[in-house]
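Understanding the architecture of this molecule
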Amino acid sequence: MKDVTIDEAVQLLQMDEVVAIPTETVYGLAANIFSEAAIKKIFEKKGRPLTNPLIVHIPSVDALETLAQNIPPLAYKLAEKFWPGPLTLVLEKRPEILDIITAGGPTVAVRIPNHPVSLELLRKLPFPVAAPSANPSNYLSPTSAEQVKQAFGAARPYILDGGRCKRGIESTVVAVKEDGVHLYRFGAISKEEIEAVIGEPVIVANSEKTIAASPGMMKKHYSPRSRLILTNDVVATVEELDGRIGVLSFANEYQHEKIHQQLVLSGTGDMAEAAHNLFSYLYDLDTLELDVIVAELLPEEGLGRSVNDRLRRGAVR
Ligand code: TXA
Ligand code: MG
């Protein structure tokens with residue numbers, strides 16, 4: 001499969017093909033939400049279980065009412081503040097939304113991506129697209145066209161190249177319910193940013209209970225091929241390991257003769273920059289046939305929680 005233009009992507013999507021598209025978070029594997037055949041191809045290509053529902057991508061807030069109903073005012077408030085952008089809203093679905101999109105559940109997840117290429121694509125299409133991250137299930141999410149190729153190898157899909165994703169980490173997924181805003185997945189918008197808009201604490205969904213509602217909370221996910229070990233003390237952890245060791249550190253570069261390769265997420269300790277580089281650097285380290293990647297945890301606040309969430313799931317064996 002080859003790189004395609006926006007107009008070619010429009011044609012392919014209208015023919016029930018899947019196309020990898022850029023967004024500001026990560027690349028998505030897109031298909032027509034009203035074609036069951038097209039959506040099935042997403043699940044087949046990713047090896048994704050049908051129990052994991054998909055996010056629907058729309059070009060403007062006007063399209064929201066064609067997908068969801070009984071939309072709470074607070075959902076509109078969040079949409080107004082964060083769209084286009086990396087906030088996904090889980091809402092009561094309209095009856096015409098296919099079960100394969102929602103894993104048979106009563107809700108649908110929706111967002112407007114903030115990327116000029118995907119916005120132009122969505123405006124040209126007569127339907128919204130569903131798009132999970134463009135990687136085989138459980139592998140690292142791709143943040144460039146190159147990484148989509150790396151993730152799928154010979155089985156790569158058509159790719160609409162829109163450069164490197166600015167955010168580099170997936171959208172934050174929330175559901176607005178009667179008792180408040182429930183957070184299903186930490187992501188590119190921090191819990192604190194949402195709380196500043198709603199004026200009350202976000203309810204962090206407890207993963208055991210929400211696994212059925214939002215399988216993105218599944219423990220194992222986002223894993224490199226090399227073994228991943230997390231630490232708050234890089235040097236002490238490296239000291240105990242043998243073999244080819246790679247290090248993904250937050251802000252400091254550590255000196256140790258046993259480190260084969262080290263990448264620093266943000267030399268200035270900027271968490272947004274760290275999120276931007278996270279998957280990209282993991283892809284780079286994963287090409288080096290390391291025995292182990294030692295990743296340093298970020299402070300447990302703001303985007304640090306989102307980065308740590310991905311690292312923790314990636315480290316589950
Ligand atoms: O940034 C993103 O969200 C990217 C780009 C491509 O938009 N997409 C993405 O999709 O990360 P995916 O499929 O990798 O993750 C979707 C997440 C999963 O955690 C899924 O369980 C959750 O959203 N989700 C989807 N529909 C849901 C629903 N109806 N209720 C609860 N959670 C839902
Ligand atoms: Mg994903």
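Report on the accompanying structure. Model, not experiment: these values are computed from the prediction.

Let's shift gears to the overall build of the protein chain. Helices and strands together make up the secondary structure of the protein chain, namely 11 helices and 14 strands. In terms of C-alpha radius of gyration, the protein chain reaches 19 Å, essentially the compact-globule figure of 20 Å for 317 residues. Looking at the protein chain residue by residue over its 317 residues, the buried ones come to 58%. In the protein chain, 65% of the contacts between residues at least 6 apart in sequence involve partners at least 24 apart. A total of about 13,200 Å² of accessible surface is found on the protein chain, and carbon and sulfur atoms cover 49% of it. Side chains of the protein chain give 33 positive and 41 negative charges; the mean places of these two sets differ by 3 Å.

The buried count for strand 8 (residues 172-177) comes to five of six residues, which makes it a mostly enclosed element. Here strand 4 (residues 87-92) runs beside strand 8; their pairing, made up of four bridges, is parallel. Within strand 8, the position partnered with leucine 89 by the bridge is valine 174. Both strand 8 and strand 9 (residues 180-185) contribute to a ladder of five bridges, which runs antiparallel. Directly across from valine 173, in strand 9, lies its bridge partner arginine 185. Between the end of strand 8 and the start of strand 9, which pair antiparallel, lie two residues.

Quick look at the packing of helix 3 (residues 73-82) against helix 7 (residues 191-198) now. Running from amino to carboxyl end, helix 3 crosses helix 7 at an angle of 120 degrees, the nearest separation of the two axes being 10 Å. In terms of orientation, helix 3 and helix 7 fall into the oblique class. Between helix 3 and helix 7 the crossing geometry is right-handed. Only Glu193, Ile194, Val197 and Ile198 of helix 7 make contact with helix 3, whose side of the interface consists of Leu74, Lys77, Leu78, Lys81 and Phe82. When grouped by side-chain class, the residues that make up the contact of helix 3 with helix 7 number six nonpolar, no polar and three charged.

To continue, consider the sheet that holds strand 13 (residues 259-264). The sheet built from four strands is open, its strands ordered 11-14-12-13 with parallel pairing. Since the sheet does not close on itself, it has two edges, and those belong to strand 11 (227-231) and strand 13, each with one partner. For this sheet, the mean inter-axis angle between neighbouring strands, taken without regard to orientation, is 20 degrees. Sheet topology note: the strand 12 (residues 245-249)/strand 14 (residues 292-296) ladder contains four bridges and is parallel. Bridge pairing links valine 247 to valine 294 in strand 14.

It is worth spelling out the side chain of histidine 57 at this point. By the secondary structure assignment, histidine 57 is in strand 3 (residues 55-57). Relative accessible area serves as the criterion here: at 3%, histidine 57 is assigned to the buried category. Setting aside anything within four residues of it in sequence, one finds histidine 57 in contact with Arg111, Pro113, Leu122, Pro128, Val129, Ala130 and Ala131.

Reading guide: rules and limits
- Residues numbered from 1 in each chain as written.
- Chains lettered and ligands numbered in written order.
- Predicted model: local features only at pLDDT ≥ 70, side-chain atom pairs only at ≥ 80, totals over all residues.
- Heavy atoms only, no water.
- Helix = DSSP H or I, 4+ residues; strand = E, 2+ residues; numbered from the N terminus.
- Rg over C-alpha atoms; globule rule 2.2 N^0.38 Å.
- Buried < 20%, exposed > 50% of the residue type's maximum accessible area, 1.4 Å probe, protein only.
- Contact = heavy atoms within 4.5 Å.
- Areas by Shrake-Rupley, 256 points an atom, 1.4 Å probe, with all protein chains shown as cover.
- Lys, Arg positive; Asp, Glu negative; His and termini not counted.
- Charge placed at Lys NZ, Arg CZ, Asp CG, Glu CD.
- Pairing = 2+ DSSP bridges.
- Axes fitted to C-alpha atoms, helices over the stretch in contact; angles between N-to-C directions.
- Parallel < 35°, antiparallel > 145°, perpendicular 65-115°, else oblique.
- Left-handed = near helix turned anticlockwise from the far one by under 90°.
- Nonpolar A, V, L, I, M, F, W, Y, C, P; charged D, E, K, R; others polar.

The values are spatial; any link to function lies outside them.
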